Amino acid sequence: DVQLQASGGGLVQAGGSLRLSCAASGFTVDDDAIGWFRQAPGKEREWVSCIKTADISTYYTDSVKGRFTSSINNAKNTVYLDMSDLKPEDTAVYYCAVQLRYAKWRQCSLESVYDSWGPGTQVTVSS
């Protein structure tokens, strides 16, 4: 049973940092893509970042480039999203999702390619 659990959200002042974790179970993060998405009130869910676990290639939406970093701890079967220089615009519920097959050849910024989603974790950035 594939499960994902995002955690690590909280309240932080603008300019601060948070580490989000995506703990995976029911599969091994060895040849997949893990995507991070967020949804702010009144807005559609948007793609933030993804990591292709086979070669640890990472991708980011323009608004977080240079501030967010995706990484993986294979031993813990966990993917991380390190967020720094947080801005109020980053306030949202953050979700992680997994693309289990054909991840190497598919664009991981597209919601449609993901097979399973976890519940989100709230990130609130105050000004």
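Each remark here, short or long, concerns the structure printed above.
Residues numbered from 1 in each chain as written. Predicted model: local features only at pLDDT ≥ 70, side-chain atom pairs only at ≥ 80, totals over all residues. Heavy atoms only, no water.

Visitor: An account of the overall build of the protein is requested, with residue identities and associated values reported.
Guide: Looking only at helices and strands, the protein features 0 helices and 11 strands. Traced from its N-terminal end to its C-terminal end, the protein shows the element sequence β-β-β-β-β-β-β-β-β-β-β. For the protein, the C-alpha atoms occupy an extent of roughly 40 × 25 × 25 Å along the three principal directions. The buried share among the 127 residues of the protein stands at 47%. Contacts in the protein between residues far apart in sequence, at least 24 positions, make up 58% of those at least 6 positions apart. Counting every atom, the protein has about 6400 Å² of accessible surface; 47% of that belongs to carbon and sulfur. A gap of 2 Å separates the mean positions of the 12 positive and 14 negative side-chain charges of the protein. (Helix = DSSP H or I, 4+ residues; strand = E, 2+ residues; numbered from the N terminus. Buried < 20%, exposed > 50% of the residue type's maximum accessible area, 1.4 Å probe, protein only. Contact = heavy atoms within 4.5 Å. Areas by Shrake-Rupley, 256 points an atom, 1.4 Å probe, with all protein chains shown as cover. Lys, Arg positive; Asp, Glu negative; His and termini not counted. Charge placed at Lys NZ, Arg CZ, Asp CG, Glu CD.)

Visitor: Before we move on, could you go through the side chain of Ser109 and cite the residues and values that matter?
Guide: Position of Ser109 among the secondary structure elements: in the loop between strand E9 (92-99) and strand E10 (116-117). At a separation of 2.8 Å, a polar atom in the side chain of Ser109 contacts the side chain of Gln107. Contacts of Ser109, omitting those with residues within four sequence positions, involve Phe37, Trp47 and Cys50. (Polar contact = N/O pair within 3.5 Å; in protein donor to acceptor, adjacent residues only side chain to side chain.)

Visitor: Lay out unusual backbone geometry with the relevant residues and their values.
Guide: The phi torsion at Asn77 lies on the positive side, around 55°, for a residue other than glycine. Residue placement: Asn77 occurs in the loop between strand E7 (68-73) and strand E8 (78-83). The buried category is assigned to Asn77, whose relative accessible area is 13%. The backbone of Asp85 shows a phi angle near 45°, a positive value even though the residue is not glycine.

Visitor: Any chance you could break down the sheet that holds strand E3 (residues 18-25) for me, citing the residues and the numbers?
Guide: One open sheet accounts for 4 strands, arranged E1-E3-E8-E7; its pairing is antiparallel. Edge positions in the sheet fall to strand E1 (3-7) and E7, since each of these pairs with one other strand and no more. The sheet shows a mean angle of 15° between the axes of neighbouring strands, taken without regard to direction. (Pairing = 2+ DSSP bridges. Axes fitted to C-alpha atoms, helices over the stretch in contact; angles between N-to-C directions.)

Visitor: Summarise the nonpolar core; cite the residues concerned and give the values.
Guide: Formed by 28 residues in total, the largest nonpolar core has its most connected members in Ile34, Trp36, Phe68, Leu81, Met83 and Tyr94. Mapped by element, the contributors of at least two residues to this core are E1, E3, strand E4 (33-39), strand E5 (46-52), E7, E8, E9 and strand E11 (121-126). In terms of nonpolar packing, the next biggest core, distinct from the first, is built from 9 residues, Trp47, Cys50, Ala103 and Tyr114 among them. (Core = buried A, V, L, I, M, F, W, Y, C linked by side-chain atoms within 4.5 Å.)

Visitor: Lay out the packing of aromatic side chains in plain terms, naming residues and giving numbers.
Guide: Taken as a whole and judged by the stated rule, the model has 3 aromatic pairs. Look at Phe37 and Trp117: their rings are 4.7 Å apart centre to centre, the planes differ by 50°, and that puts the pair in the tilted class. Note that Phe37 is positioned in strand E4 and Trp117 in strand E10, a separation of 80 residues in sequence. A connected cluster of aromatic rings, assembled from ring pairs, spans Phe37, Tyr114 and Trp117. (Phe/Tyr/Trp six-rings, centres within 6.5 Å; stacked < 30°, edge-to-face > 60°.)

Visitor: I'd like to hear about the state of the cysteines, residue by residue, with values.
Guide: Counted by the stated rule, this structure contains 2 disulfides. Between the sulfur atoms of Cys22 and its disulfide partner Cys96 the distance amounts to 2.2 Å. Residues Cys22 and Cys96 are joined through a disulfide that is right-handed, its torsion about the S-S bond being 80°. Linking Cys22 in strand E3 with Cys96 in strand E9, this pair joins segments that are 74 residues apart in sequence. For Cys22, a relative accessible area of 2% gives the class buried. (Disulfide = S-S within 2.5 Å.)

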